[in-house]
Amino acid sequence: YVIAMGMFARGMWWYHDLVEAGVQETADQMYVEVFFIDNQIDVQIAIENTRMVIDRGVDMLISEQLFPEGNDEMAVLLEEAGLPAVAVDVYLPGFPFFHVNDFTGNYMAGEWLSNYAVENNWAEEDINYVYMEQVGGGVVTEMRKQGALEGIRDTLDIPDDRYDTLQFEVGTVDVAME
């Protein structure tokens, strides 16, 4: 079998490398060939890559997208070609969908962070919380933010005026950090 994995951006953030390595390791264990596609956070490139995997004759597509624009067109192309697909993170109409629980995952991260602060004797009056928020992330970003905040607030009593949000565009997080 040959599986194509369309990633919204290869190597942009550290976890992309972990995802790719995990998929490759699993494919190797199952004697499945996998090749990775970089959609470069671009809807038109994702659509063109969908056409390319159809033309290549792969057995399945795993489609990881950041934004839903273009997914209707991609779904029609896949359906017409009879190519099975699984959508990751953003729904692909008519195909199975997988997404992590953003609220719970980030709640656990906030809980870990606040416990770390307590275990290391950080003074609550010296703690300020800055959440880095991706512009245009929609409900996914909001669920992540709320989960992290609740995870922190269940351990620490940080007043609302000491929470802030730093917004950034996709691909500009390094600039936002400066």
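This text follows the structure it describes.
Residues numbered from 1 in each chain as written. Predicted model: local features only at pLDDT ≥ 70, side-chain atom pairs only at ≥ 80, totals over all residues. Heavy atoms only, no water.

### What about helix α1 (residues 14–29)?
Thought 1: Between the first and last C-alpha of α1 there are 23 Å, a value that for 16 residues agrees with the 22 Å anticipated at 1.5 Å per step.
Thought 2: Buried residues of α1: H16, E20 and A27, and no others. End-on, the buried residues of α1 take up no more than an arc of 30°, which puts them together on one face. In α1, the exposed residues that point more than 90 degrees away from the buried face are W14, L18 and Q29.
Thought 3: In the core, the buried residues of α1 are packed alongside β1 (2–7) and β2 (33–38).
Thought 4: With its phi angle positive at about 55°, Y31 sits one or two positions after the end of α1. (Helix = DSSP H or I, 4+ residues; strand = E, 2+ residues; numbered from the N terminus. Expected span 1.5 Å × (residues − 1). Buried < 20%, exposed > 50% of the residue type's maximum accessible area, 1.4 Å probe, protein only. Arc of directions from axis to C-beta. Contact = heavy atoms within 4.5 Å.)

### Points about the pairing of strand β3 (residues 60–64)
Thought 1: Summarising burial for β3: 4 of the 5 residues are buried, a large majority.
Thought 2: Relative to β3, β1 runs parallel, the two sharing 4 bridges. Residue pairing for β3: G6 is matched across the bridge by S63.
Thought 3: Where β3 meets strand β4 (residues 85–88), 4 bridges bridge the pair, whose relative direction is parallel. If you follow I62 over to β4, its bridge partner there is V86. (Pairing = 2+ DSSP bridges.)

### Let's talk about helix α2 (residues 43–56)
Thought 1: Between its first and last C-alpha, α2 extends 20 Å over 14 residues, near the 20 Å set by a 1.5 Å rise per residue.
Thought 2: Within the sequence span of α2, burial applies to A46, I47, N49, T50 and V53. For α2, the arc enclosing every buried residue in end-on projection is 160°, short of the 170-degree limit, so these residues lie on one face.
Thought 3: In this structure, the buried side of α2 is in contact with β1, β2, β3 and α3 (71–81).
Thought 4: For α2, the N-terminal capping position is held by D42, with its side-chain oxygen 2.9 Å away from the main-chain nitrogen of Q44.
Thought 5: Note on α2: the residue one or two positions beyond its end, G57, has a positive phi of about 80°. (Polar contact = N/O pair within 3.5 Å; in protein donor to acceptor, adjacent residues only side chain to side chain.)

### As for the pattern of salt bridges
Thought 1: All told, the structure shown has 5 salt bridges when counted by the stated rule.
Thought 2: Of the charged contacts, one joins R56 and E33 as a salt bridge, the two residues approaching to 3.8 Å between their closest N and O atoms. Residue R56 is located in helix α2, and its partner E33 is located in strand β2; the two are separated by 23 residues in the primary sequence.
Thought 3: A residue is classified by how much of its surface remains accessible, and R56, at 47% relative accessible area, is partly exposed.
Thought 4: Residue E33 is classed as partly exposed on the basis of its relative accessible area, which comes to 41%.
Thought 5: Between D160 and R153 there is a salt bridge, with its nearest N and O atoms 2.7 Å apart. (Salt bridge = Lys/Arg side-chain N within 4 Å of Asp/Glu carboxyl O.)

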